[in-house]
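Okay, here's what each chain looks like letter by letter:
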Amino acid sequence: MKLEVKDLKKSFGDKEVLHGISFSIESGKALGLLGRNGAGKTTTIRILMDVFRANSGSITVDGKPFHPRDFRIGYLPEERGLYPKKGVQEQLMYLAELRGSSRSEARQQSERWLKRLGVSEYAQRKLETLSKGNQQKVQLAQTLVCNPDLVILDEPFSGLDPVNSQILKDVIQEQIQSGKLVIFSSHQMGYVEEFCEDIVLINHGDIVLSGNLDQIKREYGRNRLTIGLGPDYQEPEQTLRDYMGDLIRVVGSRKDQVIAEMKDGCTRELLLRELLERELIPEEFGSYEPSLTEIFVEKAGDQ
């Protein structure tokens, strides 16, 4: 399947919060839907789920209008919403049936996911008696219990220790590999880099960056290098500005390395030769590949 969102606009009263959002996602891939708080991510997700109606724009699947009722959607919201005083399996079955499962299918799938996530022993317990981590695993179970076609995960790793995080990683990878449409939203950029081939970055209701993550990193790393001068230089950034400012522009630092952008006409070979001739012997000199966090800050940070 291919889901396409085209020119989605949404207003609340006189305030337009989405200004024409467009992106696509295909089966067997995860899309990273990114943005700061208030950027428009949750509004976009709620339009996908038909909680809100867009003012204009379209959503299609394989070229045909997307009607959420025709698909099973598994949604893990950032703000959790299960019933604390209800039994774990009882509410999993209830939610599965609400989303189209038969009673027997709901029982089978609830048992499957409770076992897969290591919380079968709590099936008859009230949710509020479980630890925060186990409650989070039950939240994930309710997301997947209906065998969804579209899986939307909003901050899924919140509250999980490293062991349970690995279990969740494995489950997400299984969903991707089984051909599901997966939308992954998180402020933990390491997880986004691990799961998502493509990203969409929303800022103030506009898409400011989208595409293949590897290609975006290569583009952002173009004409940039990392230079490490070693412990003898107390202010390496200022040193490079003073001595190499005709060839490079210092744009930041990472650990003990300075991130420098080559100016027009400068090449790696020329820069290295000039560093040596000016008696600035680098301990490290290499290509720069930005992290998703650095790209996020550059594109969505306040100026």
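As a reminder, the structure under discussion sits directly above these lines.
The model shown is predicted, which means the values in this text are computed figures rather than measured ones. What you see as residue numbers is a count from 1 along each chain, following the sequence as written. Reporting of local features is limited, given that this is a predicted model, to residues whose pLDDT is at least 70; pairs of side-chain atoms are given and counted only at 80 or more, and all residues count toward the totals for whole chains, interfaces and linings. Neither water nor hydrogens contribute to the side-chain values; these are computed over all heavy atoms in the structure.

Trainee: Give me the overall build of the protein chain: which residues, what numbers.
Mentor: Under the scheme used here, helices are H or I runs from DSSP no shorter than 4 residues and strands are E runs no shorter than 2 residues, and both carry numbers assigned from the N terminus. A tally of helices and strands in the protein chain yields 10 helices and 14 strands. Along the longest, intermediate and shortest principal axes, the C-alpha atoms of the protein chain span 75 × 45 × 35 Å. Only protein chains enter the accessibility calculation, which uses a 1.4 Å probe; a residue is then buried when its area is under 20% of its type maximum, exposed when over 50%, and partly exposed in between. By residue count, 46% of the 303 residues in the protein chain fall in the buried class. The contact definition used throughout considers only heavy atoms, calling two residues in contact when any of these lie within 4.5 Å. Restricting to contacts in the protein chain with at least 6 residues of sequence separation, those with at least 24 account for 67%. Residue-level accessible areas treat just the shown protein chains as cover; the underlying method is Shrake-Rupley with a 1.4 Å probe. Looking at the protein chain as shown, the accessible area adds up to about 15600 Å², and 44% of this sits on carbon and sulfur atoms. Here the positive residues are Lys and Arg and the negative ones are Asp and Glu; neither His nor the chain ends is included. Charged groups are reduced to one reference atom each: NZ for lysine, CZ for arginine, CG for aspartic acid, CD for glutamic acid. Of the side chains in the protein chain, 41 bear a positive and 47 a negative charge, and the two mean positions are spaced by 8 Å.

Trainee: Would you mind going over the pairing of strand β13 (residues 257–262) in detail, with residue names and values included?
Mentor: Of all six residues in β13, five are buried, a share of seventy percent or more. Pairing between strand β11 (residues 224–228) and β13: four bridges, direction antiparallel. Note that in β13 the partner of Ile-227 across the bridge is Val-258. Alignment of strand β12 (residues 248–254) against β13, held across six bridges, turns out to be antiparallel. The partner of Ile-248 across the bridge, within β13, is Met-262. The rule for pairing is simple: two strands pair if DSSP sees at least two bridges between them.

Trainee: Account for helix α9 (residues 268–277), naming residues and giving values.
Mentor: Within α9 the residues assigned to the buried category are Leu-271, Glu-274 and Leu-275. Taken around the axis of α9, the buried residues stretch over an arc of 105°, which confines them to a single face. In α9, those exposed residues whose orientation departs by more than 90 degrees from the buried face are Glu-269 and Glu-277. On its buried face, α9 is in contact with β11, α8 (236–244), β12, β13 and β14 (284–287). Positive backbone phi, approximately 60°, marks Glu-279, located one or two places after α9. Note that the arc is computed from the directions linking the helix axis to the C-beta atoms.

Trainee: Run through the side chain of Thr-43, naming residues and quoting values.
Mentor: Following the sequence through the fold, Thr-43 ends up in helix α1 (residues 41–48). Relative accessible area serves as the criterion here: at 14%, Thr-43 is assigned to the buried category. With residues up to four places along the chain from it excluded, the contact list for Thr-43 reads Lys-10, Phe-12, Val-17, Leu-18 and Phe-52.

Trainee: A description of the packing of aromatic side chains should follow, citing residues and the corresponding values.
Mentor: Only rings of Phe, Tyr and Trp enter the pairing, Trp through its six-membered ring, and a pair is recorded when the two centres are within 6.5 Å. The plane angle decides the type: under 30 degrees is stacked, over 60 is edge-to-face, the rest tilted. Tallying each qualifying case throughout the model produces six aromatic pairs. Ring centres 5.3 Å apart and planes at 75° place the aromatic pair Phe-12 and Phe-52 in the edge-to-face group. Taken together, the positions of Phe-12 in strand β1 (residues 2–12) and Phe-52 in the loop between α1 and β4 (56–61) put the pair 40 residues apart, joining distant regions of the chain. Overall, the relative accessible area of 22% leaves Phe-52 in the partly exposed class. What links up through ring pairs into an aromatic cluster is the set Phe-157, Phe-184, Tyr-191 and Phe-195.

Function-wise, these values are silent; they only describe arrangement.
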